[in-house]
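Observations on the model geometry
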Amino acid sequence: MPQHLRRHDELGQIHFITVSCYRRLPLFGTPQARNIVVQCMREARDRLSFRWIGYLVMPEHVHWLCYPQSEGEKLIPISSVLLSLKTSIGRHVKRYWRGIWAANRSLGYAVLDRWASGPETSKPIWTTRGIDVNLETFEHLLSRLEYCHHNPVKRGLV
């Protein structure tokens, strides 16, 4: 990881994380794909014993507000949370789209069809790096939650 992109694991701080799909592909553009993301989030939370404050699944990116500490206040490295999430979501979402591709030879979006018809090794789900911001104040937390609430409205999704 480049020096200027360090993650900061601090007790008592919430992380606001944004991770985008590869080339902004709408890989979470269906209710089924979004449900996969949420289910993988639950499983990661249960496996690592951390807490969610909020989240937003958009067609081509995800925002997470995560408190990476167990109830016993044990710090869980945010890199472990992200690795678990990105691996699990990537595997399950890819399996979902492969099933649709096998049945229809189309994913319903031209950009996704180009992605699906390419070589198996060139089907990444995620960009290599996302945004991770430590939220140090309650006001900062509220502003990020408000951003998540307004993001789909601004895009005309709701």
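Attention in this report is confined to the structure presented alongside it. (Residues numbered from 1 in each chain as written. Predicted model: local features only at pLDDT ≥ 70, side-chain atom pairs only at ≥ 80, totals over all residues. Heavy atoms only, no water.)

1. Focus: the overall build of the protein chain
- Summing up its helical and strand segments, the protein chain has four helices and four strands in all.
- Taking 2.2 N^0.38 as the reference for a compact globule, 158 residues should give roughly 15 Å; the C-alpha atoms of the protein chain span a radius of gyration of 16 Å, in line with that estimate.
- If you line up the protein chain on its principal axes, its C-alpha atoms span 50 × 30 × 30 Å.
- Expressed as a percentage of its 158 residues, the buried residues of the protein chain come to 44%. (Helix = DSSP H or I, 4+ residues; strand = E, 2+ residues; numbered from the N terminus. Rg over C-alpha atoms; globule rule 2.2 N^0.38 Å. Buried < 20%, exposed > 50% of the residue type's maximum accessible area, 1.4 Å probe, protein only.)

2. Focus on the pairing of strand 1 (residues 14–20)
- Extensive coverage of strand 1 is indicated by the burial of seven of its seven residues.
- By the alternation rule, side chains of strand 1 split into Ile14, Phe16, Thr18 and Ser20 and His15, Ile17 and Val19, which are all buried.
- Here strand 1 pairs with strand 4 (residues 131–135) via five bridges, running antiparallel. Residue pairing for strand 4: Thr18 is matched across the bridge by Ile131.
- Pairing analysis gives six bridges linking strand 1 to strand 3 (residues 61–67), with the strands arranged antiparallel. In the strand pairing of strand 3, His15 is matched with Cys66. (Pairing = 2+ DSSP bridges.)

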